[in-house]
Amino acid sequence: MAAIDIMGGGPAGAMAAIAALGEGAQVRVFEKSAFPRHKVCGEFLSPEVLPLLQRAGCADDFLRLRPAVIRRMELHFGSRVVRHRLPRTAHGLSRYALDHLLLEKAASLGAEVVREIGTPRLARRPLVVTTGRTTRGATGDRLFGFKAHFRGLADDAVALFFFEGGYVGISAVEDGVTNVCGLAPERVLRECAFRPERLVARCEAAAARLEKMEQLFEWLNTGPLVLGLARRVTPKALVYPAGDALGFIDPFTGSGLLSAMLTGRSAGRAAVRGQSVRAFIAARRFALVRPFVVSTLCRAALAVGVAGPLASLVPGRWLFRVTRPAV
């Protein structure tokens, strides 16, 4: 019987485990964090995620968690607001709930979950790596993420509020809770004494949304982060990168969790089937190129102040489609 190891028990690692178990393999998942736990993330689940969960056998469990239903998107560029209806229904679910759901599903199917604190000694068997987000970047320009949950009036829109070099995203998750998550350059955060609430206050529309809401926990922070495909993913024998190990998609595309789950599932199958690592990396990078290119162009448009006018001219269905990875 084939046997594989997986580094990381997040969405990419758990989906790799579920896929490998479906191929009849023995699976060990090495995860140092205690689940469930909150994690900095936009927590937006693209419409393509539900079919993935159905194939993984946990769609019913997912829906029993009563994830928020998201039907619209709002893009705020200062006083200009662009609104579109999503082509298909999306969902919002906290990483606290999602990570627990997926890893528990993998364990119920037979995966051994190993709570390693350091790097484990691995047998000579295929390894799926879902950890290793790059942290390069010049001081001052490095990006940092932040997140908190709020309770109050929730709606069916994912709203993005753009500002110099970053943005704040607001969207509902389960149980009437709203996730507020953002990304900002180090220099902008420094101006705000690294206090996200001061940064959010700069976005008047975002601050107005949160004014009467109750914050449920202290702000979480992560970084530094570098957007884009990993520049050097050198093929190593029996090592299949997935999720953040392949690249970090700009969260404003809303396709980060989808990409992690897709690449994780592909990596689990490739590891069991003995696919060439070089061929696997090439295929997965090709599938991710479009959202990376589009997000880079969007950031360039934001930098020169034309993103708002351009967004108002682009059909929402097209904008949503070009920011999805190839399934």
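Just so it is clear, the model here is predicted, and its values are computed rather than measured.

S.K.: Which residues make up the overall build of the chain, and what are the values?
M.R.: Assigned secondary structure in the chain consists of 11 helices and 16 strands. Whereas a compact globule of 327 residues would reach a radius of gyration of roughly 20 Å, the chain reaches 19 Å, a difference of no more than 12%. For the C-alpha atoms alone, the extent of the chain along its principal axes is close to 60 × 40 × 40 Å. A total of 327 residues make up the chain; the buried ones form 54% of that total. When the accessible area of the chain is evaluated, it comes to approximately 15100 Å², of which 52% is carbon and sulfur surface. The centroid of the 45 positive side-chain charges in the chain is displaced by 7 Å from the centroid of its 27 negative side-chain charges.

S.K.: Outline unusual backbone geometry, supporting the account with residue identities and numerical values.
M.R.: A cis amide bond links Gly 223 with the next residue in sequence, Pro 224, at an omega value of 0°. Residue placement: Pro 224 occurs in strand β13 (residues 220-225). The phi angle at Arg 66 is positive, at roughly 55°, despite the residue not being glycine. Position of Arg 66 relative to the elements: it lies in the loop between α3 (59-64) and β4 (68-77). The backbone of Asp 175 sits at a positive phi, close to 60°, despite the residue not being glycine. Relative to the helices and strands, Asp 175 is located in the loop between β10 (166-172) and β11 (177-185). Judged by relative accessible area, Asp 175 falls into the exposed class, the value being 56%.

S.K.: Pulling in residues and values, what's your account of the sheet that holds strand β15 (residues 239-241)?
M.R.: An order of β6-β2-β1-β7-β15 is seen for the 5 strands of this open sheet, with the pairing classed as parallel. This sheet does not close on itself; its edge strands, each paired only once, are β6 (112-114) and β15. In this sheet, adjacent strand axes meet at a mean angle of 20° when their direction is disregarded. Across 5 bridges, strand β1 (residues 3-7) lies against strand β2 (residues 26-30) in parallel orientation. Bridging across to β2, Asp 5 finds its partner in Arg 28.

S.K.: Got a sec to walk through helix α4 (residues 95-108)? Specific residues and values, please.
M.R.: Note that an α-helix has 3.6 residues per turn; residues three or four places apart therefore point the same way. The end-to-end C-alpha distance of α4, which contains 14 residues, comes to 19 Å, matching closely the 20 Å that a straight helix rising 1.5 Å per residue would cover. What α4 keeps buried is the set Arg 95, Ala 97, Leu 98, Asp 99, Leu 101, Leu 102, Leu 103, Lys 105 and Ala 106. Gly 110 sits one or two residues past α4 and shows a positive phi near 120°.

S.K.: Mind laying out a nonpolar patch on the surface, listing which residues take part and the relevant values?
M.R.: A surface patch of nonpolar side chains, about 400 Å² in accessible area, is lined by Val 304, Val 306, Leu 310 and Leu 313. Considering the arrangement of structural elements, one finds Val 304 in the loop between α9 (277-303) and α10 (307-313).

Definitions and limits used
- Residues numbered from 1 in each chain as written.
- Predicted model: local features only at pLDDT ≥ 70, side-chain atom pairs only at ≥ 80, totals over all residues.
- Heavy atoms only, no water.
- Helix = DSSP H or I, 4+ residues; strand = E, 2+ residues; numbered from the N terminus.
- Rg over C-alpha atoms; globule rule 2.2 N^0.38 Å.
- Buried < 20%, exposed > 50% of the residue type's maximum accessible area, 1.4 Å probe, protein only.
- Areas by Shrake-Rupley, 256 points an atom, 1.4 Å probe, with all protein chains shown as cover.
- Lys, Arg positive; Asp, Glu negative; His and termini not counted.
- Charge placed at Lys NZ, Arg CZ, Asp CG, Glu CD.
- Pairing = 2+ DSSP bridges.
- Axes fitted to C-alpha atoms, helices over the stretch in contact; angles between N-to-C directions.
- Expected span 1.5 Å × (residues − 1).
- Patch = residues over 30% accessible without salt bridge, like charges linked within 9 Å, V, L, I, M, F, W, Y side chains within 5 Å.
- Salt bridge = Lys/Arg side-chain N within 4 Å of Asp/Glu carboxyl O.

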